[in-house]
Structure formats: structure tokens, C-alpha cells
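Descriptive structure summary
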Amino acid sequence: MSAVLDALARALRDLFSLRVLWVVVWPMLTALLLWLALGVTFWSTFSGWIAQGLDAIGIQTWLAELEPAWIANGIQALLHLMLFVPLVMLTALVITALFGMPALIRVVAERDYPQLKRENGGGLIGSLWNAVVAIILFVVMWVVTLPLWLIGVGVIVPFVAAAYLNQRLFRYDAIAEHASATEMVALFKQEHGGWWGLGLLTGFVQFVPLLNLLGPVFAALAFIHFGLARLARQRAPNGLKQNAV
């Protein structure tokens, strides 16, 4: 647990450095503009899907009969927003994992792990595949657990889902440059509890208004710090290898 807390503390330290702030801004801005464009272009389609979903659970009829009408319209607008915000956050997380991580890894590695050799055990294809699997399982998790909302247990689903997505999405890219393929497999297995603990704690940030704007990069930094620290510890008995030029 101390390793997880140390990674979070180091991530918070690095979060407001000038080299990191741009990575904070552009993934979130890109995700926001993307879904705004899609929302405007396919508004009727998205609204139809939401109406079908509400009708399937018996709420659409209730909304249609609700008076005054502005209350029903307000509820529907809120439902659109509740769908829009998670989509923006999910997209920003994926963009950060796929395209923002190299810059963040350079910041962390140069400052805290300059002697850690890069073995390049992962690559772009592996990163893309990892992201696809993470998103598919994340969506499946949401769909499968929908009945839990009917018995009040569903309130824990967003936190568990966020924990899973964070640890699955970021752990691969956090160590892909520095660890070998064998080391990556070993770290995923040996540090299973640490990855999940870090995923849960960084996931909480994503549910706090305003702080969630920093969530993707904060999570990325925390996973980089945790992963590289665990990798350095794993190599420690043989001594840290010199960084390749």
C-alpha cells in the first residue's frame, strides 16, 4: 500500500509542472470537441437510442405523461448529460493512454529513473490491443451489472468499473518502454493488488467535479511512477542497468 500512496504523491507533485500541463489540456479538449461534434451531428439518433432504452425499462411512458412538460424535458436533458460526460472522460482516458503517455514517461523517467534501461517490451500494436480489450470489457461490465441497480447494489459499479479500466488501460503503457515482455508479464501478475488499488484510488478522482478534468493525466502519472518503481525494485538484485543511449 505504501508503494501505491508513494506513486500518488509523486503523481500529484508532477501534475502541475509545465511539461505536464499541456498533456492535461489537449486530450480532454480533443475528447470534448469530438463528442460535441458527434452529439450535434447525430443528436436525433442518440436521442432515439436513449428513448428506446427508457422505453425498455418503462420510464419513457411515464415521462411522456409527466406534467408540466418542462420537467420531463429537463430529466431527458440530464440523461443526455449523464451519458455525455462519461463518454468524454472515457475518450480522454484512451487518448491519454495511447498518445499522451510517451511525454509523461519522459518526464517521470528523466527525473526519477534516469538509470533504468529501456527494454521496449511493448509497442503501439500492443497498446492499441490493450485499449480495445479494456474498453470492450469495461462496456460488458456495465451491461452485465445493470440489474444490480434494481436492488441498490449498482452504486458500486461505477467505482469498480473505473478501477478496472484505469488499471487495465494504464499499466501496459506505463512500463512498455522500460520493461521487457517477460518483465511486463511478471509485474502484471506479482503486483496485481497494487495495480487494482491504484486503479480504484485514481478512479475516485474521476467522480469529483473539476478534479476529474485532471483525472486522466493524474492516473497516467501515478501508474508510471508505480510501474517504474516496481520494475526498478524487481531489477534491484542485479543492480539497475544503465539507460541505453
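Every chain is numbered on its own, with residues counted from 1 as its sequence reads. Thresholds applied to this predicted model are a pLDDT of at least 70 for local features of residues and 80 or more for the giving and counting of side-chain atom pairs; totals over whole chains, interfaces and linings are not thresholded and use all residues. Calculation of side-chain values draws on the structure's entire complement of heavy atoms; hydrogens and water are dropped beforehand.

Moving on, we get to the overall build of the protein chain. The number of helices and strands found in the protein chain is ten helices and zero strands. Think of it this way: any DSSP run of H or I at least four residues long counts as a helix, any run of E at least two long counts as a strand, and we number them from the N terminus. For the protein chain, the N- to C-terminal ordering of α and β elements is α-α-α-α-α-α-α-α-α-α. For the protein chain, the proportion of contacts with a sequence separation of at least 24, taken over those separated by at least 6, is 82%. Using a 1.4 Å probe, accessible areas were evaluated by the Shrake-Rupley method; residue-level cover was limited to the displayed protein chains. For the protein chain, the accessible surface area stands at approximately 13,200 Å², while carbon and sulfur atoms represent 73% of it. Here, two residues are considered to be in contact whenever any of their heavy atoms come within 4.5 Å of each other.

What follows covers the pattern of salt bridges. For this analysis, a salt bridge means a side-chain nitrogen from Lys or Arg found within 4 Å of a carboxyl oxygen belonging to Asp or Glu. According to the stated counting rule, one finds eight salt bridges in the structure shown. In this structure, Arg19 engages Glu110 in a salt bridge whose closest nitrogen and oxygen atoms are separated by 3.3 Å. Of this pair, Arg19 sits in helix α2 (residues 18–41) while Glu110 sits in helix α5 (residues 69–112), and the two are 91 residues apart along the sequence. The closest approach of N and O atoms between Glu177 and Arg118, which form a salt bridge, is 3.3 Å. Residue Glu177 is found in the loop between α7 (157–176) and α8 (181–190), and its partner Arg118 is found in the loop between α5 and α6 (124–144); the two are separated by 59 residues along the sequence. Taking relative accessible area as the criterion, Glu177 reaches 23% and is therefore assigned partly exposed. Where salt bridges share partners, they join Asp6, Arg10, Arg13, Asp14, Arg111 and Asp112 into one cluster. A 1.4 Å probe rolled over the protein chains alone gives each residue an accessible area, and that area as a share of the maximum for its type sets the label: buried under 20%, exposed over 50%, partly exposed in between.

A separate point is the packing of α8 against helix α10 (residues 215–235). Axes here mean lines fitted to C-alpha atoms, for a helix over just the part in contact, with angles spanning 0 to 180 degrees between N-to-C directions. Between α8 and α10, the least distance of the axes is 11 Å, while the angle of their chain directions is 110 degrees. Taken together, α8 and α10 sit at an angle that is classed as roughly perpendicular. Residues Glu183, Ala186, Leu187 and Gln190 of α8 pack against Gly227, Arg230, Leu231, Gln234 and Arg235 of α10. Each residue receives one of three labels: charged for Asp, Glu, Lys and Arg, nonpolar for Ala, Val, Leu, Ile, Met, Phe, Trp, Tyr, Cys and Pro, and polar for the others, Gly being one of them. Tallied by class, the residues present in the contact of α8 with α10 amount to three nonpolar, three polar and three charged. Throughout, the term roughly parallel applies to angles under 35 degrees, roughly antiparallel to angles over 145, roughly perpendicular to angles from 65 to 115, and oblique to all others.

When you line up the elements, Asn212 lands in the loop between α9 (192–205) and α10. Excluding residues within four positions of it along the chain, Asn212 makes contact with Met28, Met89, Val205 and Gln206.

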